[in-house]
Amino acid sequence: MDEEAQARVEIWKYALGFNSMRAVKCAIELGLPDVLENHGGPMTLSQLSATVGCPIPALRRLLRFLTHNGIFKKELKLSKSQDPESSYYSQTALSRLLIRDKMATFVILQADPPAVQCIGLTAKDLKAGKGSGLDNRFPSEDIIWNVEVDAAFDKLLHEFLACYAKIATAALIDNCPAVFEGIGCLVDVGGHEGTAMGMLVKAFPWIRGINFDLPDVIAGASTIDGVEHVGGNMFECVPKADAVMLMRILHDWSDNLCIDILKKCKEAIPADTGKVIIVEAVIDEEGGDEYTSARLAMDITMMTVTINGKERTCKEWAQLLNAAGFSRHTIKHMKAVESVIEAYP
Ligand SMILES: C[S@@+](CC[C@H](N)C(=O)[O-])C[C@H]1O[C@@H](n2cnc3c(N)ncnc32)[C@H](O)[C@@H]1O
């Protein structure tokens with residue numbers, strides 16, 4: 001196919017991308033990945049229809065789109081006497097990631113209207129300075145929603161953060177266990193309700209974990225073995241520990257506010273043996289790897305949902321860490337959207 005013909009094919013993906021996301025979201029909300037996972041084997045269309053309570057014609061159309069795109073697999077029955085509705089559907093590696101325990105809530109929130117009605121990204125916004133560090137419309141810089149955050153959305157948001165934390169923490173434990181060797185006490189700054197710290201103390205039982213977040217977030221956190229919950233404000237004071245972790249915190253904030261946060265983290269660790277462990281995307285503008293496209297898309301998300309947040313390049317990370325007074329840092333890449341930056345006082 002020549003370049004122009006290929007472009008004509010590609011453009012449809014962008015034009016219809018939102019509806020494709022909606023189909024994946026519907027599949028999750030119907031519970032199809034979990035139903036197949038719990039069933040433990042292939043299911044017919046009729047069985048799926050009865051289990052999730054969706055009429056066969058619509059379900060067949062939804063599954064036709066999803067199977068074409070590698071989400072679920074359709075196997076036809078060989079016998080001609082079989083009812084055509086009894087084709088078997090089974091899980092694929094992709095649909096297995098869409099179960100509730102894995103990436104379901106993450107995907108749902110990306111496709112949910114409140115997420116797209118976040119402070120937004122339009123040509124008008126960009127011309128007014130959004131994404132350039134010049135947006136001063138709001139007094140605080142964190143993520144801002146344009147919608148009334150009702151109880152249902154709040155619940156989804158909590159599930160989303162726990163789901164999001166599990167994805168990066170699992171990658172961290174698998175790819176970089178050496179980062180946690182010799183750490184007696186670790187504080188996770190902005191650790192929400194402690195999902196990441198709970199997984200870390202389980203994987204590395206020598207660590208005493210402190211989960212630090214805003215007091216109203218900590219008030220809703222459940223007890224986790226080996227983890228102490230502490231409420232506070234990272235712009236004022238961070239609990240003392242051997243090492244501080246900042247997982248997907250700095251991408252929410254402008255450079256100046258990141259420097260303030262990093263300085264508070266530096267004050268919390270021993271000057272000679274301490275370190276700050278930053279788990280964030282590192283944008284590679286020259287080539288990159290199989291996750292580069294996701295990192296660049298996350299940067300567009302940060303431009304949409306935050307005031308002055310962004311994903312940063314190696315050079316931008318170095319500038320930030322130098323400005324906050326760190327003497328050196330190393331970057332370890334993982335098979336994930338995030339990398340691990342270890343910064344030393
Ligand atoms: C995007 S979430 C990241 C959660 C978690 N680290 C992860 O990677 O899944 C940002 C977290 O920072 C917390 N946060 C925001 N402002 C804070 C502050 N001033 N002090 C402490 N935590 C704060 C939020 O409550 C939220 O839990």
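Residues numbered from 1 in each chain as written. Predicted model: local features only at pLDDT ≥ 70, side-chain atom pairs only at ≥ 80, totals over all residues. Heavy atoms only, no water.

Chemist: It is not clear to me how the domain arrangement of the protein should be interpreted in this structure. Could you clarify?
Modeler: With domains assigned, the protein is organised as domain 1 (3-96) and domain 2 (121-344). The C-alpha centroid of domain 2 is placed 35 Å from the C-alpha centroid of domain 1. (Domains from an automatic or database assignment.)

Chemist: Before we go on, may I ask you to explain the environment of His-333 in this structure?
Modeler: With respect to the helices and strands, His-333 occurs in strand β11 (residues 328-333). Given a relative accessible area of 56%, His-333 falls into the exposed group. It is 25 Å that separates the C-alpha atoms of His-333 and Ala-104, two residues lying 229 residues apart in sequence. Setting aside its immediate chain neighbours within four residues, His-333 contacts Val-282 and Ser-339. Among the polar contacts listed, one links the side chain of His-333 to the side chain of Ser-339, at a separation of 2.9 Å. (Helix = DSSP H or I, 4+ residues; strand = E, 2+ residues; numbered from the N terminus. Buried < 20%, exposed > 50% of the residue type's maximum accessible area, 1.4 Å probe, protein only. Contact = heavy atoms within 4.5 Å. Polar contact = N/O pair within 3.5 Å; in protein donor to acceptor, adjacent residues only side chain to side chain.)

Chemist: Would you explain the site of the ligand in this entry?
Modeler: Neighbouring the ligand are 17 residues, the closest being Gly-190, Asp-213, Asn-233, Met-234 and Met-247. Note that an oxygen atom of the ligand is positioned 2.6 Å from one of the side-chain N or O atoms of Asp-213. Measuring from a nitrogen atom of the ligand, one finds a backbone N or O atom of Met-247 at 2.8 Å. Considered on its own, the ligand offers 600 Å² of accessible surface; in the complex 91% of this is hidden by protein. Of the residues in the shell around the ligand, the class split is 9 nonpolar, 4 polar and 4 charged. (Near = heavy atom within 4 Å. Areas by Shrake-Rupley, 256 points an atom, 1.4 Å probe, with all protein chains shown as cover. Nonpolar A, V, L, I, M, F, W, Y, C, P; charged D, E, K, R; others polar.)

Chemist: How should the pairing of strand β8 (residues 275-280) be read in this particular structure?
Modeler: Regular strands have side chains that alternate between both faces of the sheet. Buried residues dominate β8, accounting for 6 of its 6 residues. Side-chain alternation along β8 places Lys-275, Ile-277 and Val-279 on one buried face and Val-276, Ile-278 and Glu-280 on a second face that is also buried. Looking at chain direction, strand β7 (residues 243-247) and β8 are connected through 5 bridges and run parallel. Its bridge partner lying in β8, Met-245 is registered against Ile-277. Here β8 pairs with strand β12 (residues 339-344) via 5 bridges, running antiparallel. The residue bridging Val-279 from the neighbouring strand is Val-340, located in β12. (Pairing = 2+ DSSP bridges.)

Chemist: Honestly, the sheet that holds β11 in this entry has me stumped. Any pointers?
Modeler: In a beta sheet, neighbouring strands are held together by backbone hydrogen bonds and run either parallel or antiparallel to one another. If you walk across this open sheet you meet the 7 strands as β6-β5-β4-β7-β8-β12-β11, and the pairing is mixed. The sheet is open, and its two edges are formed by β6 (227-231) and β11, each paired on a single side. Neighbour-to-neighbour, the strand axes of the sheet open up by a mean angle of 20 degrees, direction not taken into account. Along the sheet, helix α11 (residues 195-203) makes contact with β4 (185-189), β5 (208-213), β6 and β7, crossing β4 at roughly 160 degrees. (Axes fitted to C-alpha atoms, helices over the stretch in contact; angles between N-to-C directions.)

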